[in-house]
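What the coordinates show
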Amino acid sequence: MARKDLHEKPFDEGTITKLEIFENYAKEWIPTFVMGGYPELWIFDFFAGTGYDKKGVAGSPIRILQQIKNQASNILQKQTKINICFNESDKQKFGLLQQSCNKFINDNCELSRMSINLQFRNSDFADLFPQALLTIKKFPSLVYLDQNGMKFLADKYIDDLEKTSTTDFLYFLSSSYFVRFGKTDAFQTNMNIDIARARQNPYKYIHKSILEQLRERLPKSTKLSLYPFTIKKNANVYGIIFGATHPRAVDKFLKTAWDKNNVNGEANFDIDDDVEKSQPTLFEELKLPTKIDIFKQHIRKEILAGIVKTNKDAYDYTLKHGHIPSQATEEVTAMKKEKLIHYDGNWPLINYEQVYKNKRIINFQILAI
Ligand SMILES: C[S@@+](CC[C@H](N)C(=O)[O-])C[C@H]1O[C@@H](n2cnc3c(N)ncnc32)[C@H](O)[C@@H]1O
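Residue position: M335 is located in helix α16 (residues 325-337). With relative accessibility at 0%, the residue M335 sits in the buried group. Taking the C-alpha atoms as reference points, M335 and I303, 32 residues apart in sequence, are found 9.5 Å from one another. In this view, M335 contacts R300, I303, L304, L340 and I341; residues no more than four positions away in its chain are not counted.

Shown next as structure tokens:
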């Protein structure tokens, strides 16, 4: 299958969006584990590319190094050992990757003061992954899988990642390839995805549809949560799949995604036509609700039905549905103002720190229905 090479020309807008999400997630992830006092962290970029595009725009490895540099004082203070594995299978690109990263480290003296173990690998991901998995299972790890196409989303890799407990991963996939090649044997033997079903929805939802099927295939007892971010480039649909088991990680990813798009938090375009829905109209009653409106209506209903009873329930519900705590907070405080519910204090405390760290649980008391 002929593929376009990302490094032959400057990164396009969609690629930059992907790289910014990768980088912004590292910006959240690194301090969380450093300040959490973990002695050793691992970052794997299994499809690292060359370091920069043709115009000198930084690719994922340089962005990772930049985020490590930005955390220099915390890393030095906590004496965290940062292990990095940059892998690239193409020999020529591998040479450029080493040059770019070594130069970046030499030019940024903060990096040479830290305890950094940087490993360059020139391997095929399929060969490297089984060895790397032993490390991934042992240490808090951030894993980037910025593949071409979608071959490495195969069941065997997802199954292995599902079993890890302190791993956050970001997959990139060309969902459009799936539409074109999904019926071929190569795809069918690697991935258990029903193409006809994925195609039932409009094409713009293809990435989301693939993710929904991946979610359904996880074991019933899984702790792994998966979230999509769709990236449209011209007529093609690509996307990121984020996976993690810890609510703090999910919270950070959703923050990253909603920062990127504050209308839907799940695409680099207006996937549900929410902008049009939120325009003022003469007939307000005919207005269609936006994604945020629908979420607020649902959480309100759950609270009034006595299903979401506490700030913890509200927090878990919010993350499960791909929303951010501030949206739930707005709705719950509005319900208190409307005298539908009561809770002690001024704020409903729907956030990770209060719910999971401080374990401050507050009850929502229903006043009227
Ligand atoms: C989408 S690009 C990654 C871009 C990179 N993250 C960046 O920011 O520049 C995918 C890269 O993976 C490399 N690649 C392709 N197949 C591979 C494999 N089986 N194992 C490792 N690397 C591979 C390609 O040469 C290409 O550089």
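Back to the write-up after that little detour.
The subject of this paragraph is the state of the cysteines. One pass over the full model with this rule turns up 0 disulfides. Not engaged in a disulfide, the cysteine C85 finds its nearest cysteine sulfur in C101; these two sulfurs lie 11 Å apart.

A pair of packed helices can be characterised by two numbers: the angle between their axes and the separation between those axes. Put simply, helix α6 (residues 125-138) and helix α7 (residues 155-162) touch, their axes get as near as 12 Å, and they point 15° apart. Classified by the interaxial angle, the pair formed by α6 and α7 is roughly parallel. The two elements α6 and α7 cross, and the hand of that crossing is left-handed. Taken together, the residues of α7 that come into contact with α6 (itself represented by F125, A126, F129 and L133) are Y157, D160 and L161. Of the residues in the contact of α6 with α7, the class split is 6 nonpolar, no polar and 1 charged.

The next subject is the pairing of strand β5 (residues 167-173). Counting buried positions over the 7 residues of β5 gives 7, a clear majority of the element. Side chains T167, F169, Y171 and L173 of β5 all project onto a buried face; the interleaved residues D168, L170 and F172 project onto the opposite face, where all are buried too. Handedness of the crossover joining strand β4 (residues 141-146) and β5 through α7: right-handed. The sheet contact formed by β5 and strand β7 (residues 236-244) spans 5 bridges and is antiparallel. Within β7, the position partnered with F172 by the bridge is I240.

Let us now look at the nonpolar core. The biggest cluster of nonpolar side chains holds 69 residues, and the ones touching the most others in it are L65, I68, F86, L170, F253 and F364. At 9 residues, the largest contribution of residues to this core is made by helix α1 (residues 13-35). Beyond its immediate sequence surroundings of up to four residues, F253 is in contact with I21, Y25, L170, Y227, F229 and F242.

In this section: empty space enclosed by the protein. According to the stated counting rule, one finds 1 cavity of 30 Å³ or more in the structure shown. Each pocket or cavity is described by its volume, and for the largest cavity that value is around 40 Å³. Forming the walls of the largest cavity are L19, F22, E23, A26, S60, R63, I64 and Y144. Those elements that provide at least two residues to the lining of the largest cavity are α1 and α2 (60-70). Taken together, the residues of the lining of the largest cavity break down into 5 nonpolar, 1 polar and 2 charged.

Take the side chain of D272 next. On the secondary structure map, D272 appears in the loop between α12 (247-260) and α13 (274-277). Once residues lying within four places of it in the same chain are set aside, the contact partners of D272 are Y205, E266, K277 and K291.

Now for the environment of E330. Within the secondary structure, E330 sits in helix α16. Distance in space between the C-alpha atoms of E330 and W347 is 9.9 Å, their sequence separation being 17 residues. At 2.5 Å, the side chain of E330 and the side chain of K296 are in polar contact.

A few words now on the pattern of salt bridges. Inspection of the entire model under this criterion finds 18 salt bridges. Between E266 and K291 there is a salt bridge, and its shortest N-O distance comes to 2.7 Å. Separated by 25 residues along the polypeptide, E266 in the loop between α12 and α13 and K291 in helix α14 (residues 291-304) bring together distant segments of the chain. Relative accessible area serves as the criterion here: at 5%, E266 is assigned to the buried category. Put simply, E28, K252, K255 and D259 are held in one network by salt bridges that share partners.

Cut-off values and rules
- Residues numbered from 1 in each chain as written.
- Predicted model: local features only at pLDDT ≥ 70, side-chain atom pairs only at ≥ 80, totals over all residues.
- Heavy atoms only, no water.
- Helix = DSSP H or I, 4+ residues; strand = E, 2+ residues; numbered from the N terminus.
- Buried < 20%, exposed > 50% of the residue type's maximum accessible area, 1.4 Å probe, protein only.
- Contact = heavy atoms within 4.5 Å.
- Disulfide = S-S within 2.5 Å.
- Axes fitted to C-alpha atoms, helices over the stretch in contact; angles between N-to-C directions.
- Parallel < 35°, antiparallel > 145°, perpendicular 65-115°, else oblique.
- Left-handed = near helix turned anticlockwise from the far one by under 90°.
- Nonpolar A, V, L, I, M, F, W, Y, C, P; charged D, E, K, R; others polar.
- Right-handed = clockwise from strand over helix to strand, strands pointing away.
- Pairing = 2+ DSSP bridges.
- Core = buried A, V, L, I, M, F, W, Y, C linked by side-chain atoms within 4.5 Å.
- 1 Å grid on protein atoms, 1.4 Å probe; cavity = no way out; pocket = protein on both sides within 12 Å on 5 of 7 lines; lining within 4 Å.
- Points joined across faces, edges and corners; volume = space filled by probe spheres on them.
- Polar contact = N/O pair within 3.5 Å; in protein donor to acceptor, adjacent residues only side chain to side chain.
- Salt bridge = Lys/Arg side-chain N within 4 Å of Asp/Glu carboxyl O.

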